[in-house]
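The residues making up each chain are set out below.
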Amino acid sequence: MAALLLAAAVPVHAQLDFGRILDLGKKAVEVGEQVQQATKEYTVEEEVALGEGITAGFLGATKLHPDERLQRYVNRIGRWLALHTERADLPWTFGVIDTDAINAFAMPGGTVIVSHGLVRRLTSESELAGVLAHEIAHVLKKHQLSAIKSDAGWSAAATGAKAYAADRIGRSSGGDVLGLKSQLANAGVDLVKDGLFLRPLDRGMEYEADRIGVVIATRGGYDPYGFVSVLTMLAQAKPEEAGESITFSTHPSAADRLAELEKVVPTALEKYASQPQVAGRFRQALGAK
Amino acid sequence: MPTPLSRLLLLAWLPLAGGALAQEQASTNRATDLKERPGFDSRTVAPLASGAPVKVVSRQGGWTQVESGTQRGWVRAFHLRFEATVVTSSSSGGSLGGLTSIFGFGGRKAPETSRVATLGIRGLTPEDFKNASPDTAALRKLQSFRADRASAERFAKEAKLAPVTVAYAAEGGGS
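From a predicted model like this one, the values you see are computed outputs, not experimental measurements.

1. Brief notes about helix 11 (residues 226–236) of chain A
Part 1: Taking burial as the measure, the 11 residues of helix 11 of chain A include 11 buried ones, the bulk of the element.
Part 2: Taken together, the buried positions of helix 11 of chain A are G226(A), F227(A), V228(A), S229(A), V230(A), L231(A), T232(A), M233(A), L234(A), A235(A) and Q236(A).

2. Some words on the sheet that holds strand 3 (residues 111–115) of chain A
Within a sheet, neighbouring strands are paired by backbone hydrogen bonds and run either parallel or antiparallel to one another.
Residue and element names in this part refer to chain A.
Part 1: Read across the sheet, three strands follow the order 1-3-2 without closing on themselves; strand pairing throughout is mixed. In this open sheet, the two edge strands, each paired with only one partner strand, are strand 1 (93–97) and strand 2 (104–107). Ignoring which end each strand starts from, the neighbouring axes of this sheet average 15° apart.
Part 2: When strand 1 meets strand 3, the two strands line up parallel, connected through five bridges. What sits directly across from F94, in strand 3, is V112.

3. Observations regarding unusual backbone geometry
The general pattern is negative phi for most residues beyond glycine and trans for most peptide bonds.
Part 1: Phi is positive for V278(A), which is not a glycine, with a value near 55°.
Part 2: Locating V278(A) in the fold gives a position in the loop between helix 15 (265–269) and helix 16 (279–285).
Part 3: Among the residues examined, V278(A) registers 25 C-beta atoms within 10 Å and is labelled buried.
Part 4: The phi angle at K160(B) is positive, at roughly 55°, despite the residue not being glycine.
Part 5: Considering the arrangement of structural elements, one finds K160(B) in the segment after helix 5 (149–158).

4. Structural notes on the packing of helix 4 (residues 68–82) of chain A against helix 6 (residues 125–140) of chain A
Residue and element names in this part refer to chain A.
Part 1: In contact at an axis separation of 10 Å, helix 4 and helix 6 are set at 55° when each is read in the N-to-C sense. Taken together, the axes of helix 4 and helix 6 lie oblique to each other. Of the two elements, helix 4 crosses helix 6, and the hand of that crossing is right-handed. For the pair helix 4 and helix 6, the contacting residues are I77, G78, L81 and A82 in the first and E125, L128, A129, L132, A133 and I136 in the second.
Part 2: Residues of the contact of helix 4 with helix 6, tallied by class, amount to eight nonpolar, one polar and one charged.

5. Regarding the confidence of the model for chain A
All names here are of chain A.
Part 1: Per-residue confidence for chain A gives a mean pLDDT of 79; residues scoring 70 or more make up 74%.
Part 2: Summarising per-element confidence for chain A, the mean pLDDT is lowest in helix 1 (residues 19–30) (44) and highest in helix 4 (98).
Part 3: For the stretch residues 1–39, pLDDT sits under 50, and the model shows 104 contacts to residues farther than four places along the chain or on other chains.

6. Quick notes on the nonpolar core
Part 1: In terms of nonpolar packing, the biggest core is built from 110 residues, with L81(A), L132(A) and I136(A) touching the most fellow members.
Part 2: Here this core takes nine residues from helix 6 of chain A, the largest share from any one element.

7. A look at the environment of T28(B)
Residue and element names in this part refer to chain B.
Part 1: Here T28 lies in strand 1 (residues 25–28).
Part 2: Put simply, T28 and F82 are 54 residues apart on the chain and 8.8 Å apart in space, counted from C-alpha to C-alpha.
Part 3: When near neighbours in sequence (up to four residues on either side) are disregarded, T28 contacts L48, S50, G51, A52, V54, V75, H79 and L80.

Cut-offs applied
Residues numbered from 1 in each chain as written. Chains lettered and ligands numbered in written order. Predicted model: local features only at pLDDT ≥ 70, side-chain atom pairs only at ≥ 80, totals over all residues. Buried ≥ 20, exposed ≤ 12 C-beta atoms within 10 Å, placed from the backbone. Helix = DSSP H or I, 4+ residues; strand = E, 2+ residues; numbered from the N terminus. Pairing = 2+ DSSP bridges. Axes fitted to C-alpha atoms, helices over the stretch in contact; angles between N-to-C directions. Parallel < 35°, antiparallel > 145°, perpendicular 65-115°, else oblique. Left-handed = near helix turned anticlockwise from the far one by under 90°. Contact = placed C-beta atoms within 7 Å. Nonpolar A, V, L, I, M, F, W, Y, C, P; charged D, E, K, R; others polar. pLDDT = per-residue confidence, 0-100. Core = buried A, V, L, I, M, F, W, Y, C linked by C-beta atoms within 7 Å.

This is the structure:
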């Protein structure tokens, strides 16, 4: 349902805010073939550093919800789900931002953000698990990295930083990433400034994350239909409400996504439909009476 | 039918409207059954024809509680259609300057595109992102909420979540 919002379109404004990183990028582009090689794969450390920069930049524009109990609750669900995936050992981090808009985001390297506005519109832990699992799926498939690589400007920035920092990150046993001294983390910040969150992923990536997400939630022992239920809520949301949200305007319609999921869920997952929805604990965590 | 401009103006009033905006009207997208409880093995209250109007009451997993005339029951979530559809702008300009989300209202068929170039987020503009300085303190705070494996497993056990082995579903519905 939600995702980091990137597009393959070449941004005409890519020259903004890039400064030194872009210069590095330009040099890297000149290297041609080698650059293609360099962008192909990010090491996990590089992916995490880039993601931390993106998250830091993102948090500069919005803020975390003050309910720390809720933050920890969301982290336990998310980590539990991630344990049942092929990237269980990423530094998975989940957060709730303090906005009433309906939204969710995934950053490279395993950071997933949901809005309080989305969480409060949900009715059970299985619905929240469905949302988190969808975002986890984007991270598993590295959809955001693909989008960054497919955008000439973004790719140049990230590649330049990568070339500059590869050696350094390789040697520092991950000590300085949080201080954002790594060039990749800085590139992440610049990507946010350059509108990383304002453009969507390919529709195909969303459908793929939907399909994978429902399976992850099911593996975690939840009712596989939690995410279906969320899409129903989204389909019901009126345009005025939806207009608040990037998620809505950049994703395929909820109706289309339900139609796609119907091809998958009943055949593969119906037999798990009696798994728990965990509504009571969810209401408690949300502070509902 | 309001003009696009008046729709945008309407957005400004949103904070007052709160969460009461979700629409309750839906219709069935195929012939289906109104069930007494959520579940295929539940008693059928009444058959519903394709296109039957219903009022949405609540949702639970793959089932949606609805009212059809004087009857109340549960319909498969996949079997419902809602009127409101968000229309995505197909404009392809590079400008991020305007808050120009375009919405379709009930009845009008919504054109769909896989991407939008311009859109608005209430309380969060392209400029907010452009001007934001990275908040490393908030990043550290966020990371302090991380759960380790053991606490996640404990947490799952508390809610009787039992992990199962399921393969990812293939595109197109293979299982």
